[in-house]
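Letter by letter, the chains look like this.
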Amino acid sequence: MCNILRIMTPLVLLFLVCVQGVQIKNVGENISSEMSSCEGRPESHICDPGHALAAATYERQSASLRQLTNHMQICTGLSFEVYVALLNEPADTLRATAVRLGTNWRILDSPCKNGLVAVYSTRDKLMALVADPTVEKLLTQHIGRLEWSEPDEVIPTVVSNLSLGLIGFDADASKVGREAALVVLCIIVLGLFVSLSILVSCGIYDMAARWRHLANFHACHKKLRRVHEELVNVNHDLTLCPYCVNAVQSQPSPTVVVFLCGHRFHMQCANRWFLEQPEATGKCPICAGFGTCDKEMSPSADAAKTFILKSLRKQYPGIISKDQIEHWASCHTETWLTELTRPRFKSIFYRK
């Protein structure tokens, strides 16, 4: 009896090893066969080569996935592609299998990151999701709380949770898009407002500059006419200050200085001229060039006229030119008024 046991024991062990090897081979062949069946992208969005789902469940969930795909518009011109595979895969290879299927189906390498693959292991009743990292994290929060059971119970729940997660993602994306559009709109409105403000400010400045230009010319013309009236009337002393070409009192006053030659200046105007010509301090500004301030030896009226013209030139350099001073010094004052022309206003909106 013992001899029989010694002979039978190795034979039994050898038989068991052979049976186990055959089972492992069959499992490997089944896995390989299932993977080859899922190499092409399934039109139904569900790859179930082992027919783990009931026919009715398969049709309903396939329709839900297709509707979900058509509903989501994450990227312009593209929808969110969602696919599910049910395979007899071990748990430790589920994610790699999902990546492989997503790559083969060309839904995980899109620039829009709009693909999602869910692989369910019918052997270990576990699921792996592969998608855009942000979306994958969001969906894992929804699906990770499920307790897996049979495929007919798991897949409908998974599809339902995918719908909830993706709709939330789509709403967030739409919200971000609306906020971005609002920011762009605010920037455009702000830019238009700033541009309009600058344009209005420039217009106001241009109008003020034009008014100042006209007022300056009228003031110059008024002073020229006043000089003309004073010089034409030779029967009285000049009642204009030759420096500022404004009226000066003919009566003694602490604000008026009268030199020995009879020329009359405002005290402040005389002091300003002395600061400009310190070497001639105390002398009449008109007579200083002749080295005398004697009334009997004072220069002619042309000297006073030339001095007044130079004073006007200092006050209105843009209206009276240096050439005009040289020309007008030997002309009648009527010529001044005739030849005085208003220079063209240089607007900031028009540069020739």
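As annotated in an unreviewed UniProt entry, the chain carries the name RING-type domain-containing protein and is attributed to Noctiluca scintillans.

A. A look at the environment of Cys287. When you line up the elements, Cys287 lands in the loop between helix H6 (267-276) and helix H7 (301-315). Classification of Cys287 as buried rests on a relative accessible area of 1%. Sequence separation between Cys287 and Phe259 is 28 residues; the distance between their C-alpha atoms is 9.6 Å.

B. Region of interest: the state of the cysteines. Scanning the entire structure with this criterion turns up one disulfide. Not part of a disulfide, Cys241 finds its nearest cysteine sulfur in Cys269, a span of 3.7 Å. The class of Cys241 is buried, set by a relative accessible area of 1%.

C. Structural detail: a nonpolar patch on the surface. Taken together, the side chains of Leu196, Leu199, Val200, Ile204, Tyr205, Ile348 and Phe349 make up a nonpolar region of the molecular surface, amounting to roughly 690 Å² of accessible area. Given the relative accessible area of 53%, Ile204 is considered exposed.

D. Just the pairing of strand S2 (residues 81-87), in detail. Of all seven residues that make up S2, seven are buried, and the element is covered over most of its length. Side chains Glu81, Tyr83, Ala85 and Leu87 of S2 all project onto a buried face; the interleaved residues Val82, Val84 and Leu86 project onto the opposite face, where all are buried too. With two bridges connecting them, strand S1 (residues 46-47) and S2 associate as parallel partners. Within S2, the position partnered with Cys47 by the bridge is Ala85.

E. Focus on the confidence of the model for the chain. Residues at a pLDDT of 70 or more form 72% of the chain, whose mean pLDDT is 78. Contacts of residues 22-29 to residues separated by more than four positions or lying in other chains number one contact, the stretch itself having pLDDT below 50.

F. Quick look at H6. The set of residues buried in H6 consists of Cys269, Ala270, Trp273 and Phe274. Buried residues in H6, looked at end-on, bunch into an arc of 140°, giving them a common side. Turned more than 90 degrees away from the buried face of H6, the exposed residues are Gln268 and Leu275.

G. Region of the structure containing the pairing of strand S3 (residues 115-121). In terms of burial, S3 is largely enclosed, as seven of its seven residues are buried. Judged by which residues are buried, S3 turns out to be covered on both faces: Gly115, Val117, Val119 and Ser121 on one side and Leu116, Ala118 and Tyr120 on the other are all buried. By the bridge criterion, seven bridges tie S2 to S3 in an arrangement that is parallel. Bridge pairing in S3 links Leu86 to Tyr120.

H. Quick look at the side chain of Thr57. Mapped onto the secondary structure, Thr57 falls in helix H2 (residues 55-71). With relative accessibility at 6%, the residue Thr57 sits in the buried group. Non-local contacts of Thr57, meaning those with residues more than four positions away in its chain, are made with Asp152 and Pro156.

I. Unusual backbone geometry, seen in detail. Residues other than glycine seldom take positive phi values, yet Lys125 does so here, at roughly 55°. Here Lys125 shows up in the loop between S3 and strand S4 (126-131). Among the residues examined, Lys125 registers a relative accessible area of 28% and is labelled partly exposed. Its identity is not glycine, yet Val245 carries a phi of approximately 55°, on the positive side. Tracing the backbone shows Val245 in the loop between helix H5 (151-232) and strand S5 (256-258).

So, how was this worked out
Residues numbered from 1 in each chain as written. Predicted model: local features only at pLDDT ≥ 70, side-chain atom pairs only at ≥ 80, totals over all residues. Heavy atoms only, no water. Helix = DSSP H or I, 4+ residues; strand = E, 2+ residues; numbered from the N terminus. Buried < 20%, exposed > 50% of the residue type's maximum accessible area, 1.4 Å probe, protein only. Disulfide = S-S within 2.5 Å. Patch = residues over 30% accessible without salt bridge, like charges linked within 9 Å, V, L, I, M, F, W, Y side chains within 5 Å. Areas by Shrake-Rupley, 256 points an atom, 1.4 Å probe, with all protein chains shown as cover. Salt bridge = Lys/Arg side-chain N within 4 Å of Asp/Glu carboxyl O. Pairing = 2+ DSSP bridges. pLDDT = per-residue confidence, 0-100. Contact = heavy atoms within 4.5 Å. Arc of directions from axis to C-beta.

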